[in-house]
Amino acid sequence: MLNKKTIDDINVSGLRVLCRCDFNVPLDNGVITDDTRIVSSLPTIKKLIADGGKVILCSHLGKPKGSVVPELSLAPVAKRLSELLGTEVKFADDDNVVGENAKRIVSELKDGEVCLLQNVRFRPEETKNDDTFSKELASLCDVFVNDAFGTAHRAHCSTAGVCQFVKHSAIGYLMEQELNYLGSVVNNPKRPLVSILGGAKVSSKISVISNLLEKVDKLIIGGGMMFTFIKAMGGNVGKSIVEEEYIDYSKDMIYKAGALGVQLFFPVDVVVTKEFSNDAEYRVVKATEIADDEMGMDIGPKTRELFANALEGAGTVIWNGPMGVFEFCNFAKGTIAVAEAMGNLKDAVTVVGGGDSAAAVNQLGYADKFSHISTGGGASLEFLEGKELPGVKAVEYKD
């Protein structure tokens with residue numbers, strides 16, 4: 001684990017603690033449809049309350065792009081937090097986040113009380129990491145705690161900038177857990193180490209493919225990105241999603257795997273349709289023989305078996321990205337098969353790297369079968385690439 005201060009290293013009794021959480025939850029007409037991220041933040045919040053801190057929570061929600069978007073208010077989150085904590089979470093509804101109302105609520109907080117600020121991305125300065133807003137946030141607190149792993153790869157005011165202007169900073173339990181788990185699987189994994197990469201694009205996982213090849217024993221490629229690799233190997237992929245500019249890169253990665261002795265697994269069959277729709281007629285064909293008027297939507301049954309066999313005996317498995325268009329139920333079989341195969345492994349450390357694959361695992365009801373499901377898709381990818389995350393880098397080191 002990085003040698004960063006945690007909330008166990010700071011006595012917050014009587015102090016104002018600004019805690020950055022990830023409350024970027026899905027909303028439907030103002031109703032939270034999945035509170036997983038809120039629940040994940042509870043251990044840190046409860047610890048700060050128990051230790052007598054004056055707890056000031058902040059987060060972003062959606063992409064208001066620096067404007068006030070009433071539908072993206074954090075008011076529903078304050079309500080749900082109050083229910084989960086069994087204590088009132090006061091909501092500071094200032095559109096400029098650090099307004100008179102927010103300052104008053106914070107000044108009146110007693111030890112162990114909690115408030116929540118408005119959506120930090122209502123401020124255009126937030127995503128620009130502008131010192132003005134960072135200083136405003138810092139003025140509210142004595143201690144800053146970053147528990148938002150999902151945004152740790154962003155250098156924003158509420159994730160990194162604020163650290164410059166506070167005396168003490170630390171990471172919360174969720175952040176610590178993420179860094180410990182991902183750090184251990186990357187730096188000291190139980191072997192064999194197998195990585196499964198899916199999702200639509202090679203470009204979004206360029207660095208992670210190259211970095212993982214130097215660490216893994218096996219690499220399994222599925223999802224939309226498989227078609228760029230299949231085309232690179234001379235296969236016909238029809239109308240499937242392909243990033244032409246990454247064909248040479250894909251060839252380089254295949255060569256690198258061979259040079260390093262890493263076993264690469266690609267689909268041998270795929271489910272194809274003539275149109276991008278759940279209701280489209282589909283058939284199974286060889287992965288390298290997709291007709292010109294068809295597109296790949298999922299891995300096929302032989303591939304599901306191949307991938308499951310490749311996972312047998314694994315010591316550690318890292319999975320990032322679905323195997324097909326899993327949001328269409330007819331093309332979710334590949335993703336379900338990988339989730340089942342991973343979930344049924346005995347004595348293996350199984351990690352799902354956030355984003356769509358985490359959503360798929362949760363939707364399919366397999367969450368309790370995995371060692372760890374990351375709360376950050378982009379952050380977990382950048383961590384696996386070996387990058388330093390700005391939201392972690394900014395926090396002070398242990399003495």
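Our structure is the block above this text.
Residues numbered from 1 in each chain as written. Predicted model: local features only at pLDDT ≥ 70, side-chain atom pairs only at ≥ 80, totals over all residues. Heavy atoms only, no water.

Draft legend 1. How the structure looks around the sheet that holds strand E7 (residues 143-146). The sheet built from six strands is open, its strands ordered E5-E6-E4-E1-E7-E8 with parallel pairing. Of all strands in the sheet, those bounded by a partner on one side alone are strand E5 (89-91) and strand E8 (168-171). Pairs of neighbouring strands in the sheet enclose a mean axial angle of 25°, with direction left out of account. With respect to the sheet, helix H3 (residues 100-108) is in contact with strand E1 (16-20), strand E4 (54-58), E5 and strand E6 (114-116), its orientation differing from that of E5 by roughly 155°. (Pairing = 2+ DSSP bridges. Helix = DSSP H or I, 4+ residues; strand = E, 2+ residues; numbered from the N terminus. Axes fitted to C-alpha atoms, helices over the stretch in contact; angles between N-to-C directions. Contact = heavy atoms within 4.5 Å.)

Draft legend 2. Expanded view of H3. Taken together, the buried positions of H3 are occupied by Ala 102, Ile 105 and Val 106. Looking down the long axis of H3, one finds its buried residues gathered within 95° of arc, a one-sided arrangement. The exposed residues of H3 that point more than 90 degrees off its buried face are Glu 100 and Ser 107. Those residues of H3 that are buried lie in contact with E1, E4, E5 and E6. (Buried < 20%, exposed > 50% of the residue type's maximum accessible area, 1.4 Å probe, protein only. Arc of directions from axis to C-beta.)

Draft legend 3. The layout of surface pockets, seen in detail. If you add up the space inside the largest pocket, you get close to 520 Å³. Along the wall of the largest pocket there are 33 residues; nearest its centre are Gly 199, Ala 200, Lys 201, Pro 322 and Asp 356. Put simply, the parts of the chain that give the lining of the largest pocket at least two residues each are helix H7 (226-232), strand E16 (295-299), helix H11 (355-364) and helix H12 (377-384). Looking at the lining of the largest pocket, the element that brings in the most residues is E16, giving four residues. Here the lining of the largest pocket is composed, by residue class, of twelve nonpolar, 15 polar and six charged. (1 Å grid on protein atoms, 1.4 Å probe; cavity = no way out; pocket = protein on both sides within 12 Å on 5 of 7 lines; lining within 4 Å. Points joined across faces, edges and corners; volume = space filled by probe spheres on them. Nonpolar A, V, L, I, M, F, W, Y, C, P; charged D, E, K, R; others polar.)

Draft legend 4. Examining empty space enclosed by the protein more closely. Under the defined criterion, the tally for this structure stands at one cavity of 30 Å³ or more. Quantified by volume, the largest cavity comes out at close to 50 Å³. Around the largest cavity, the lining residues are Cys 21, Asp 22, Arg 37, Ser 40, Ser 41, Asp 147, Leu 174 and Thr 375. Looking at the lining of the largest cavity, the element that brings in the most residues is helix H1 (residues 36-50), giving three residues. Grouping the amino acids of the lining of the largest cavity by side-chain chemistry returns two nonpolar, three polar and three charged.

Draft legend 5. Broad picture of the nonpolar core. Counting 90 residues, the largest nonpolar core has Leu 18, Leu 117, Ile 196, Ile 209, Leu 311 and Trp 319 as the members making the most contacts within it. When residues of this core are assigned to their parent elements, the largest contribution, five residues, is made by helix H5 (residues 173-187). The residues contacting Leu 311, other than those within four sequence positions of it, are Val 194, Ile 196, Ile 220, Val 317, Ala 341, Met 342 and Leu 345. Grouped together as the second largest cluster of nonpolar side chains are 29 residues, Val 25, Ile 38, Leu 57 and Leu 116 included. (Core = buried A, V, L, I, M, F, W, Y, C linked by side-chain atoms within 4.5 Å.)

Draft legend 6. Expanded view of the packing of aromatic side chains. Counted under the stated rule, the structure contains four aromatic pairs. Ring centres of Phe 276 and Phe 328 lie 5.1 Å apart, and the angle between their planes is 55°; this geometry places the pair in the tilted category. With Phe 276 in the loop between strand E13 (269-273) and strand E14 (282-286) and Phe 328 in the loop between strand E17 (316-320) and helix H10 (333-343), this residue pair connects regions lying 52 residues apart in the sequence. On the basis of relative accessibility, which here comes to 51%, the residue Phe 276 falls in the exposed class. Classification of Phe 328 as partly exposed rests on a relative accessible area of 21%. Seen from the ring of Tyr 397, Lys 4 lies directly overhead, with NZ or CZ sitting 3.6 Å from the centre. (Phe/Tyr/Trp six-rings, centres within 6.5 Å; stacked < 30°, edge-to-face > 60°. Lys NZ or Arg CZ within 6 Å of the ring centre and 35° of its normal.)

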